Structures are given as structure tokens and as C-alpha cells.
Amino acid sequence: MATDKEIVGSVKEQLAKLFEESLRAAFPDIEDVHPMIAICNDSRHGDYQCNNAMSLWNKIKGQGTQFRGPQPVGKAIIDNLPASEMIERCSTAGPGFINVVLKKQWIAKSIERMLIDGIETWAPKLPVKRTVVDFSSPNIAKEMHVGHLRSTIIGDTLARMLEFSNVEVLRRNHVGDWGTQFGMLIEYLFDKIPNWEAASAQAIGDLQAFYKASKQRFDNDPDFKERAQKAVVSLQGGEEKYRKAWTQICEVSREEFQRVYQRLGVHLEEKKLEGEKLLPCDQEVTGSSRGNSLLLKCKGESFYNPYIPKALDLLNNKGLIQESEGARVIFIEGKKIPLIVVKRDGGFNYASTDLTALWYRLNEEKADWMIYVTDVGQREHFEMVFAAAKLAGWLPQNENDFPKASHVGFGLVLGDDGKRFRTRSTEVVKLVDLLDEAKSRCKLALEERGKATEWTAEELEQTAEAVGYGAVKYADLKNNRLTNYTFNFDQMLSDKGNTAVYLLYAHARICSIIRKSGRDIEELKKVGGIVLAHPDERALGLHLLQFAEIVEEACINLLPNLLCEYLYKLSEDFTKFYTNCQVVGSAEETSRLLLCEATAVVMRKCFYLLGITPVYKI
Ligand code: ARG
């Protein structure tokens, strides 16, 4: 989302620049003091605070300093601040906190500028260039379950936030496209569809049913079982017929996944990187399902196979791999069980693949942040993989240094009974069924409100979909991802409280205020003139301005719920403002309409980052 306009940086960052100058001027002998700026917990004291005085005092006391305590240190910092448009006044409080009150004229100007230059100028600046976000990652021929839904939703949001922050994101779908189950799938394909090579991919039909049937055959037919086991060897040996059958099965699965992604508005897989070398056995898939002809490269588990021996060699050369009970393993300090990298039968596994993938992402793709979105159950696995990479010197010792690998874990989705979310009839809940139900419930609610006669059929359909899908996504994203949450349609589709429905309606209402004013908002933007005279106007304006630092915090900590909290508070601040300040027909109409517009712009960007489609009327 690059913009040719200058990115202004967050309020925190802009304040940090001023305080850095002041710290350098007031304490020239002390090196390496970084300004510590935070939002004031209590807005009565100020908007922001600078917390350097206490630690500075601890550094200089007893060393013949002229200062008599942290407060005078704070005072010196204030006195050395360069002149700026930004700060109204500063004061010290408590043991030396410096409270900062921003000028409301500056807040107003910043919003006016954003309205003209675009919200992209409010993008945070992050210390990374390229990241791999490994998310969704279902397994071929198996059901995409609610866990994969969470991974898809959370991963997509993280990718969107990073992309907005001008980081290049490789949206990686690490699909489980390798393993012994392919022996029986392939053998079953040969049996069931003798002309499989000529037949279209659709001939396989429902892949889950196909999987179940082949499994049943495998369990009950010893002859078939033997053939299936041989098929695995042939596939791994690269025999063409088996390779082809495997490709066909994968393709059917991918198409199925793609349909879910399309409905969720999520895209995965990326273009081949410039200059990236492909091994001859790499699987290349044209992106026809995305409606373009870009050459997409699928980097599922199988992609890393040819690189595994080399990666294990590197680890072995560092003396990290040992023999244990016939397997080859890496011992990690503090872990009871070692990480198995070669199984007793000589085969590779999930861990060898992930170690190799990490190596590939670092060295071939030159990523500086590798992010993995899976349920918390896989935390141990990733801790061990990352620890091994540190031992090998692939990753730095310090957790906070880049290149960095992060596991983004998430909790379970629970049903109303407090147990793992299931439907009555099936073990796993089908993703598409959830989306369908959310949408149809929304449609019903809209029809009850008389929208079927007021709107076109298409409008009704689109709104129901935006609100329904948005509700499912938001209900997932608003919680801290580590906690389990209960899946409840009534709750998530309520138009009150912290739900997507409430927020989408709030946005639509703001749009209707602007529409009904009859004023041309584009013209108003050019004129400007935001005045934040009323305290509720000022509070709303300041909250708008804090968008960049919230996105930054959400990216750095990989916590989408922070953005949800921000968005919800924004709508609350707006409601307060709208309740207490008359907009249309008031003397301040222009200023207040611009404030409405800025709120709508920021809300829309939040929706976009959360993967939610906004609605404009309700
Ligand atoms: N396919 C795995 C599963 O369904 C998730 C893969 C996650 N990514 C990874 N690099 N291990 O559990």
C-alpha cells in the first residue's frame, strides 16, 4: 500500500523525536538514552507521558550531579524541548513523570492533512522488510476445520496489517500435502477411476468422502493395504505415474480450499520471488482460480523435501544431531523429549520439514520475520524448531533481534456446552456451513427490518454477506487469540455491544449523516477548518490520531484484538461526540462533518485490516 505522500509516523514517534532532542541537550554526557513515551493512563493528567526522568536520575545520582531528584531532572527535560506545533504544555508529576498535553490545533491539522493525503500516511513504520506469514495451512484430503478457520482469519489480518505498514508479506499456505496417507489415496484413485489420467479433477468428487472410503479399504483389505504401502515408496521415489496422481489429488483439494478463501476474501500463495531458483520437481500451479494468469508457486510441505538433506547436513555439521533409539534427534535444553528429525525408518517428518522451511525462508527468501499461525497445541513443536535454529546460529540468541521467528498460537473454539465446537451430526464443523448460516441469519434480520422492499435483491444479498461474514471474523478476532472462545451466533450477530454488526451499523450511520447533510465532503476537505472546541470533539480527534501506534502495537505483538479494541472505542468516542455535539445545522457543521468523515475513513481502514467488508447504508 505504498503512497507517494510522506508517512508521518505515529504520535508517539513524533513526540519521541522531540524528547530525544531534549534529552540530548539536557544530558549531553549520557549516551544511549531512548525516549520512553506512553499514552497517559488517566487522560485528566495529559495525553502522553515521557518516563525517562526516573531512570536518568538513577544513573546520575551520587555522581556529583547538580540535580536534586527526579522532578528537577524532568523539569530540565521539559526546559530543553525544542519549540513545536505539537505540544500545548508539559508538567512533571509524581516521581518525575512528564505529562504532555497536545495542542488541539495540531490534532486538527493532522486530521485535515490525513483527509487530503490519505490514511496510508498514517501507516506505522516497522523495523522489517519482508515477512513470511505461514497461516491457514490445512491438510490435503482432510477437512478444513474450525482451527484452520481461526488460522486463516488471524493470519490474514496480520498479513493485512503488515502490508499496510509497508512490509512485504509472503502469504504462505503450508498445506499438509505429503505423508503416508497418499499411498492409500493414490491406490484408491487407480481402483476407482481407472481412466483417472484423462478424467477431469472433478471425477474424484468429494475428497473427504474419497478419503474416508480409501481409509476404510485400507483398514479392511490387506491386499489393498500392501499396495498402498508400496505406493508411498513409489511416490517418494518420484515415479511419474504416482507423482501425477498425487498432483491431481492435491489439485482437487486446493480448489476446494480456494473456494473457502474466496468466500472469506482471503488470498494465499504468492508470486515467485524475483531471482528465486526453482528446483525441477517443484510444483507449479497457474493461478487460474484467482482469475489471473500469474504463475503461483505452491509451497506446501512437499516443496521442502528436496532441501531437507541439505538442511539436516548443516545441523549435523554443527554437531546438533544425535542418534537416539534408532532415530536422529536434536536435544533442546529444558525439553524432556528431543526433536526427532529423522524417523527410525529413515523418513523425514513434520519437524524436519519445518526446520528446512525455516532455513529456506531465511536464506532463499531472505525474510526477516517468520510468523506461524497455528493452535496453541503446536507451541512446543515451534519452540523446539526455533531453539534448534538458534543453536545452529540461523537465528540470533536474543528473542527481540531480527531475523526473528514467532509462533502465533490461538485457543479453541468452544460450543455452548463449553466443549470443543462440534455440530450434532459431524465431528468437525464445516467452515462453509458456518458462513452460510451467519449470512442467512443476517438476511432474515434485514428482511424483518423491511429492507427487502427498500433495497434491491443484490443490496440485500451483499449486506447480509458483509455483515454475516464480518460477524464471524470479528467474534474470532476481538478476543486475545490465546484464550478459548465460545461460538455463538446470537451473540456475534447482536446489534448491541462489541460486535461487527454494531460497528458496521455505526459506520453506515456516519455515512448517512454525511449524505443527509447535502454537503460535498470532497469540497469540505479542501477548505478544512476542523476546530476541536468541545471536549468530546477533542477526545475523538486524539483517538483518531492514535490509529498508527495501535496498528504498530498490534503488528509488533501479533495481536489483532488490539485493533478491535481500538475500533470499538472509536465508535464509543464517536457516539459521545454525536450525542453531545450537534452536527448538521450547527455553526460548527463543516468542522464536525469533517470529523465524521475522518472517523468513517479510519473505521473503514480498521474493517479492511480485519478483513471485513464495510456497509454504507442500513
Ligand atoms: N498442516 C498443519 C495442521 O493442520 C499446520 C501447518 C502449520 N505450519 C507449519 N509450518 N508447520 O496442523
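Use the structure listed above.
The rules behind the values
- Residues numbered from 1 in each chain as written.
- Predicted model: local features only at pLDDT ≥ 70, side-chain atom pairs only at ≥ 80, totals over all residues.
- Helix = DSSP H or I, 4+ residues; strand = E, 2+ residues; numbered from the N terminus.
- Rg over C-alpha atoms; globule rule 2.2 N^0.38 Å.
- Buried ≥ 20, exposed ≤ 12 C-beta atoms within 10 Å, placed from the backbone.
- Contact = placed C-beta atoms within 7 Å.
- Near = placed C-beta within 6 Å.
- Pairing = 2+ DSSP bridges.
- Axes fitted to C-alpha atoms, helices over the stretch in contact; angles between N-to-C directions.
- Core = buried A, V, L, I, M, F, W, Y, C linked by C-beta atoms within 7 Å.
- Parallel < 35°, antiparallel > 145°, perpendicular 65-115°, else oblique.
- Left-handed = near helix turned anticlockwise from the far one by under 90°.
- Nonpolar A, V, L, I, M, F, W, Y, C, P; charged D, E, K, R; others polar.

Take the overall build of the protein chain next. Looking only at helices and strands, the protein chain features 22 helices and 16 strands. Taken over the C-alpha trace, the protein chain has a radius of gyration of 28 Å; the compact-globule value for 618 residues is 25 Å, and the two agree within 12%. Over its C-alpha atoms, taken along the principal directions, the protein chain stretches across nearly 85 × 75 × 50 Å. Considering the protein chain as a whole, with its 618 residues, one finds that 39% of them fall into the buried category. When contacts within the protein chain are restricted to residue pairs at least 6 apart in sequence, those whose partners lie at least 24 apart make up 72%.

Around the ligand sit Asp134, Ser137, Pro138, Asn139, His174, Gly176, Asp354, Ala357, Tyr372 and Thr374, and that is every residue in its neighbourhood. Secondary-structure elements contributing two or more residues to the shell around the ligand are helix 11 (350–363) and strand 13 (369–375).

Let us look at the sheet that holds strand 12 (residues 339–342). To summarise the sheet geometry, strands pair through backbone hydrogen bonds and adopt either a parallel or an antiparallel arrangement. The sheet built from three strands is open, its strands ordered 10-11-12 with antiparallel pairing. Looking at the sheet topology across the chains shown, the edges are occupied by strand 10 (321–324) and strand 12. Across the sheet, the mean angle separating the axes of adjacent strands is 45 degrees when strand polarity is ignored.

Formed by 146 residues in total, the largest nonpolar core has its most connected members in Ile371, Ala388 and Ala471. Of the residues forming this core, the biggest block, 11 residues, is contributed by helix 22 (residues 589–609). In contact with Ile371, other than residues within four places in its own chain, are Thr131, Val132, Val133, Asp134, Leu158, Ser406, Val408 and Leu558. Of all hydrophobic cores here, the second largest spans 22 residues; its members include Phe210, Phe218, Ala228 and Ala245.

Attention now goes to the environment of Leu482. With respect to the secondary-structure elements, Leu482 resides in the loop between helix 15 (457–477) and strand 16 (485–486). For the pair formed by Leu482 and Glu448, sequence separation is 34 residues and the distance between their alpha carbons is 37 Å. If we ignore the near neighbours within four places in the chain, the residues touching Leu482 are Val376, Gly409, Phe410 and Gly411.

What follows deals with the sheet that holds strand 1 (residues 37–39). A sheet is described by the order of its strands in space; here four strands give the open sequence 1-2-4-3, paired in antiparallel fashion. The open sheet has two edge strands with one neighbour each: strand 1 and strand 3 (87–93). Neighbour-to-neighbour, the strand axes of the sheet open up by a mean angle of 30 degrees, direction not taken into account. Examined bridge by bridge, strand 2 (residues 48–50) and strand 4 (residues 97–102) share three bridges and lie antiparallel to one another. Bridge pairing links Tyr48 to Val100 in strand 4. Taken strand by strand, helix 3 (residues 70–79) contacts strand 2, strand 3 and strand 4, and its axis lies near 170 degrees from that of strand 3.

Turning to the packing of helix 21 (residues 561–580) against helix 22, a few remarks are in order. Two elements in contact, helix 21 and helix 22, have axes whose closest approach is 10 Å; the angle formed by their N-to-C orientations is 155 degrees. One way to sum up the angle between helix 21 and helix 22 is to call them roughly antiparallel. In terms of crossing hand, the pair formed by helix 21 and helix 22 is left-handed. Where helix 21 approaches helix 22, its residues Leu563, Tyr566, Leu567, Leu570 and Phe574 are matched on the opposing element by Thr599, Val602, Met603, Cys606 and Leu609. When grouped by side-chain class, the residues that make up the contact of helix 21 with helix 22 number nine nonpolar, one polar and no charged.

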